[in-house]
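# A structural walkthrough
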Amino acid sequence: MCSKKLFFALLCGLASSVWAADACSFDIKSTDVMTWTNMAGKPIPVITVPASCANFTINMQHIGKMPKTAMGHNVVVVKSSDIKGVIKDGMRYGISKDYLKPNDKRVVAASKMIGGGEKTSVKIPVAKIKDGEYLFFCSFLGHDRKMRGKLEVK
Ligand code: ZN
């Protein structure tokens, strides 16, 4: 599709690099009613992660108004089989530690916890989520029941 002329080659190069950046990230928005969706407002049971990405970034915008201590949200990535243990141990640490055990080796990646009106993001090394099933969830107490989904590397 791309012309061999330099001008078009440059255009094509730009277009493909912009596309690649988009393919290696995903934007979500979270609310005051313990939910998150994609930017179009649709539920996100699965986020597809291209295997060609070295890192994959999830950007989250909290569009609510409630403070972090009442309706905090973060994005945490763990292997499916680890989620119960991570949540159980994290409960003991409370909101000051984002409901996560400090330096928990089972946590592949985690954003900070945010409140209404804030933004955060988490960078996930794709090589670390290729073996088996991985989930993204909010570690705030009780939120994982409604705020969790699968990461599918393809
Ligand atoms: Zn939450």
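Structure report, in brief.

### A few points about the coordination of the zinc ion
Donor atoms from the polypeptide that bind the zinc ion are Gly 72 (O), His 73 (ND1), Cys 138 (SG) and His 143 (ND1), placed at 2.0 to 2.5 Å. Coordination at the zinc ion is irregular: its 4 donor atoms span angles of 80 to 128 degrees at the metal. Mapping the donors of the zinc ion onto the primary sequence gives the spacing G-H-x64-C-x4-H. Taken together, the residues His 73 in the loop between helix 2 (68–71) and strand 5 (76–79) and Cys 138 in the loop between strand 8 (134–137) and strand 9 (148–153) connect sequence positions 65 residues apart.

### A word on the layout of surface pockets
Approximately 160 Å³ is the volume attributed to the largest pocket. Taken together, 15 residues make up the lining of the largest pocket; nearest its centre are Ile 87, Met 91, Leu 141, Gly 142 and Asp 144. Here the lining of the largest pocket takes 5 residues from helix 3 (residues 83–91), the largest share from any one element.

### Considerations on the state of the cysteines
As used here, a disulfide is simply a covalent bond connecting the sulfur atoms of two cysteines. Summed over the entire model, instances satisfying the criterion amount to 1 disulfide. Here Cys 24 connects covalently by a disulfide to Cys 53, the sulfurs 2.0 Å from one another. Here the disulfide of Cys 24 and Cys 53 is left-handed, its torsion about the S-S bond being about -90 degrees. Of this pair, Cys 24 sits in the loop between helix 1 (6–23) and strand 1 (25–30) while Cys 53 sits in the loop between strand 3 (46–49) and strand 4 (55–62), and the two are 29 residues apart along the sequence.

Basis of the calculations
- Residues numbered from 1 in each chain as written.
- Predicted model: local features only at pLDDT ≥ 70, side-chain atom pairs only at ≥ 80, totals over all residues.
- Heavy atoms only, no water.
- Donors = N, O, S within 2.8 Å, 3.2 Å for Na, K, Ca; no water.
- Tetrahedral: all angles 85-135°; square planar, octahedral: opposite > 155°, others 65-115°.
- Helix = DSSP H or I, 4+ residues; strand = E, 2+ residues; numbered from the N terminus.
- 1 Å grid on protein atoms, 1.4 Å probe; cavity = no way out; pocket = protein on both sides within 12 Å on 5 of 7 lines; lining within 4 Å.
- Points joined across faces, edges and corners; volume = space filled by probe spheres on them.
- Disulfide = S-S within 2.5 Å.

Keep in mind these values describe shape, not function.
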